[in-house]
Amino acid sequence: MRNVRIDWYRLLSYSLLFLLFSLIVTIGFVFSLTGELKQLTQIEVQISGIELAFSLAMLVSIPLLLSRFAFFFYHMVMRGRRNGIGIICYQNLFNPFNFFLFPSLLNSDGLESRRRCIVSIVLLLILYLVIFFDSTIKPIFLA
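Residues numbered from 1 in each chain as written. Predicted model: local features only at pLDDT ≥ 70, side-chain atom pairs only at ≥ 80, totals over all residues. Heavy atoms only, no water.

With respect to the overall build of the protein chain
And then number 1: Regarding its fold elements, the protein chain presents three helices and zero strands.
And then number 2: Along the chain direction, N to C, the helices and strands of the protein chain fall in the order α-α-α.
And then number 3: Computed over C-alpha atoms, the radius of gyration of the protein chain comes to 21 Å, more than 25% over the 15 Å expected from 2.2 N^0.38 for 143 residues, which places it beyond the range of a compact globule.
And then number 4: A total of 143 residues make up the protein chain; the buried ones form 24% of that total.
And then number 5: Partitioning the intrachain contacts of the protein chain with sequence separation of at least 6 by distance along the chain shows that 55% fall at a separation of at least 24.
And then number 6: Total accessible area on the protein chain is roughly 10,300 Å²; 70% of this is exposed by carbon and sulfur atoms. (Helix = DSSP H or I, 4+ residues; strand = E, 2+ residues; numbered from the N terminus. Rg over C-alpha atoms; globule rule 2.2 N^0.38 Å. Buried < 20%, exposed > 50% of the residue type's maximum accessible area, 1.4 Å probe, protein only. Contact = heavy atoms within 4.5 Å. Areas by Shrake-Rupley, 256 points an atom, 1.4 Å probe, with all protein chains shown as cover.)

Spelled out as structure tokens, the structure:
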């Protein structure tokens, strides 16, 4: 596996771009509904704008992450197996998803596809945690 390195400059710039995007979505949504911009000073309106931006990001990223997982899982199972290892065999306990648990059954292409599958699963779980925070924990803070 490769070393994990976090590029803080890129992370901060993407976060700021997301906040700018949510501000633009909020301004556009409030202006299209009310016709005036004086409602933008309320915190509930700002939180609703951030929720709208998260909803748009989730609408785009969930299908992309699922299709990325399916694509790399297909490559892992079809091209990433070592010679003599079947898709359904006793080495992987007759379950193709066990290639995640037994990386010794994979060649270098399979290990790369496995890593990309795991990355897409982790990103999908982070996205679901954001949804959980938005729907469950946020009303506690606003109450």
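A short note on helix α2 (residues 43-79)
And then number 1: In this model α2 runs 52 Å from its N-terminal to its C-terminal C-alpha over 37 residues, within 8% of the 54 Å that 1.5 Å per residue would give.
And then number 2: Its maximal kink placed at S61, α2 deviates by approximately 25 degrees, while the proline P63 follows within four residues.
And then number 3: Along α2, the residues that are buried comprise V45, G49, A53, M58, I62, L65, F69, F72, F73, H75, M76 and V77. (Expected span 1.5 Å × (residues − 1). Bend = angle between axes of the 7 residues up to and from the residue.)

Things to note about the environment of L40
And then number 1: Relative to the assigned elements, L40 resides in the loop between α1 (8-34) and α2.
And then number 2: Residue classification places L40 among the buried positions, given a relative accessible area of 17%.
And then number 3: Distance in space between the C-alpha atoms of L40 and V30 is 7.4 Å, their sequence separation being 10 residues.
And then number 4: If we ignore the near neighbours within four places in the chain, the residues touching L40 are T26, I27, V30, V45 and Q46.

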